[in-house]
Amino acid sequence: MNHFEYTRAADVQAALAQIVSASPDATDTPDAARFIAGGTNLLDLMQEHLVRPRRLVDISRLPLDTVQVLPDGRIRLGALARNADTAHHPAVREQLPLLSSAILAGASPQILNMASNGGNLLQRTRCAYFHDAQAPCNKREPGSGCSARKGVARQHAILGASEHCVAVHPSDMCVALAALGAVVHARSPRGERDIAFADFHRLPGDTPQMDTTLAQDELIEFIDVPASQQYAAHSVYLKLRERQSHTFALVSVAAALDMGEDGRIRSARLALGGVAHKPWRDLSAEWMLAGQVPEAAIFKEVAALVLQSAVPHGVGSGSSSFKIPMVRRAIVRALEMAAKDGTPSHHPSTG
Ligand SMILES: Cc1cc2nc3c(=O)[nH]c(=O)nc-3n(C[C@H](O)[C@H](O)[C@H](O)COP(=O)(O)OP(=O)(O)OC[C@H]3O[C@@H](n4cnc5c(N)ncnc54)[C@H](O)[C@@H]3O)c2cc1C
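Thresholds applied
- Residues numbered from 1 in each chain as written.
- Predicted model: local features only at pLDDT ≥ 70, side-chain atom pairs only at ≥ 80, totals over all residues.
- Heavy atoms only, no water.
- Helix = DSSP H or I, 4+ residues; strand = E, 2+ residues; numbered from the N terminus.
- Rg over C-alpha atoms; globule rule 2.2 N^0.38 Å.
- Buried < 20%, exposed > 50% of the residue type's maximum accessible area, 1.4 Å probe, protein only.
- Contact = heavy atoms within 4.5 Å.
- Lys, Arg positive; Asp, Glu negative; His and termini not counted.
- Charge placed at Lys NZ, Arg CZ, Asp CG, Glu CD.
- Phe/Tyr/Trp six-rings, centres within 6.5 Å; stacked < 30°, edge-to-face > 60°.
- Lys NZ or Arg CZ within 6 Å of the ring centre and 35° of its normal.
- Near = heavy atom within 4 Å.
- Polar contact = N/O pair within 3.5 Å; in protein donor to acceptor, adjacent residues only side chain to side chain.
- Areas by Shrake-Rupley, 256 points an atom, 1.4 Å probe, with all protein chains shown as cover.
- Nonpolar A, V, L, I, M, F, W, Y, C, P; charged D, E, K, R; others polar.
- Domains from an automatic or database assignment.
- Axes fitted to C-alpha atoms, helices over the stretch in contact; angles between N-to-C directions.
- Parallel < 35°, antiparallel > 145°, perpendicular 65-115°, else oblique.
- Left-handed = near helix turned anticlockwise from the far one by under 90°.
- Pairing = 2+ DSSP bridges.
- Buried area = accessible area lost by both parts, 1.4 Å probe.
- Salt bridge = Lys/Arg side-chain N within 4 Å of Asp/Glu carboxyl O.

1. Looking at the overall build of the protein chain
- For the protein chain, the count of helices and strands is 12 helices and 12 strands.
- In terms of overall dimensions, the protein chain is globule-like: its C-alpha atoms have a radius of gyration of 20 Å, near the 20 Å expected for 351 residues.
- By the burial criterion, 55% of the 351 residues in the protein chain qualify as buried.
- Residue pairs in contact within the protein chain that sit at least 24 positions apart in sequence constitute 64% of those at least 6 positions apart.
- The centroid of the 35 positive side-chain charges in the protein chain is displaced by 5 Å from the centroid of its 35 negative side-chain charges.

Okay, structure coming up:
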């Protein structure tokens, strides 16, 4: 059994002080002090002995739980706002339906009621080898090897992987935030900073133990989503999974189109989930769509462009090779749906 201290912070300064006093060198080791929000991911990791924090700093009561529309039209999502409250907030439903559908496509209502926005960004991969303490895994134990590369890697990456790690980021919410160009605001004892969403999650390279660019002693305060109303009428989050309810994406596509009165695409947003170590936004695909008439032929060209560097991992029936045609078809289908009327893929009763 791992013993740990539990403290609860009343404000942000206290939360930072409580983290620093337990882990003064801010090194991100398995036994470093951690913030805990909803606990839906961290407690699982502790039960599996994948992390053994010497102190948990409970941030769930911090006044960072609101969703606000800022005067310039950005929508500010508090890090402690629950996923369910965020998805059902009137401004998010109306102006960011892509984000609302992506959140509701993830997990059960019970999880969505506990899970916080900050915690969603920092959830760890679902790679079975990462969660199996007996299997070599560079993400869990740097230098031990990657079991997935030659093992069962059906769930794994086809883009941006390295010889050290082929795990994928599991979040649905983050795929929409990547497409919408969100910005993460974090605070540490050294001050505050904004992190563009594209720079928040990392590709594995030779340091797959690091999922993000956030330091161990940095607290996410809020996430700002730029005004995106121009995409509201034509946006889709398409999630493909092994079964219909309460499970992670095999692949997902966040697609949003700003349609001009001439019937052409003014601008587009496109990001993928389940394909890489981070939510995968493809700017070249978005540029290719701008100015086009929304037709299957151009959508197929876009899919080919996105997948030009795709590489499967794993062996035999455990290979992720099936994801390449699956992603190709999902991109085309999501763009077709978005161009038509942007029907969200998710229905709340199906989880
Ligand atoms: C059965 C199940 C099914 C799920 N299915 C899906 C799914 O289909 N799609 C999907 O996207 N997700 C899914 N999830 C994951 C779920 O969305 C995450 O567990 C949840 O979002 C994590 O939020 P939390 O507040 O509980 O985080 P916690 O577990 O409290 O924390 C997670 C990590 O974030 C850190 N942290 C939390 N808040 C902050 C902050 N403000 N600043 C800095 N660090 C912070 C913690 O230190 C910890 O390392 C599922 C989870 C479960 C248990």
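2. Thoughts on the packing of aromatic side chains
- According to the stated counting rule, one finds one aromatic pair in the structure shown.
- Over the ring of Phe-222 we find Arg-76, and its NZ or CZ is 3.8 Å from the ring centre.

3. Here's the deal with the site of the ligand
- Taken together, 32 residues form the shell around the ligand, and within it Phe-35, Gly-39, Thr-40, Ser-116 and Asp-172 come nearest.
- Contact between the ligand and Ala-107: an oxygen atom at 3.2 Å from a main-chain N or O atom of the residue.
- Here an oxygen atom of the ligand sits 3.0 Å away from a polar atom, N or O, in the side chain of Lys-239.
- Coverage of the ligand by the protein amounts to 90% of the 980 Å² it exposes when considered alone.
- Elements represented by at least two residues in the shell around the ligand include exactly β2 (34-36), α7 (117-122) and β8 (219-225).
- Among the elements that take part in the shell around the ligand, α7 stands out by supplying four residues, more than any other.
- A per-class count over the shell around the ligand returns 14 nonpolar, 13 polar and five charged.
- Taken together, domain 1 (1-61) and domain 2 (64-342) each give at least three residues to the shell around the ligand, which thus spans both.

4. Remarks on the packing of helix α11 (residues 296-306) against helix α12 (residues 323-340)
- Where α11 contacts α12, the two axes come as close as 9 Å, and the packing angle between them is 140°. Considering the angle they form, α11 stands oblique to α12. The interaxial crossing formed by α11 with α12 has right-handed handedness. Residues Ala-296, Phe-299, Lys-300, Val-302, Ala-303 and Val-306 of α11 form the contact with α12, whose participating residues are Arg-328, Ile-331, Val-332, Leu-335, Glu-336 and Ala-339.

5. Brief notes about the sheet that holds strand β12 (residues 280-281)
- The four strands are arranged β9-β10-β11-β12 in an open sheet whose pairing can be described as antiparallel. With partners counted over all chains shown, the strands left at the sheet margins are β9 (235-240) and β12, one partner each.
- Summarising the sheet, strand β10 (residues 251-259) and strand β11 (residues 265-273) pair through eight bridges and their orientation is antiparallel. Paired with Ser-252 across the two strands is Gly-273, which belongs to β11.

6. Brief notes about the domain arrangement of the protein chain
- What the domain assignment reports for the protein chain is domain 1 (1-61) and domain 2 (64-342).
- Here the C-alpha centre of domain 2 lies 26 Å away from the C-alpha centre of domain 1.
- Each partner contributes to the interface: domain 1 provides 21 residues, whereas domain 2 provides 22 residues.
- Of the roughly 1,800 Å² buried between domain 1 and domain 2 on both sides combined, carbon and sulfur atoms contribute 67%.
- Put simply, domain 1 and domain 2 have zero salt bridges between them.
- It is helix α1 (residues 12-22) that provides the largest number of residues to the side of domain 1 that touches domain 2, a total of five residues.
- Across the side of domain 1 that touches domain 2, the residue classes tally to 12 nonpolar, seven polar and two charged.

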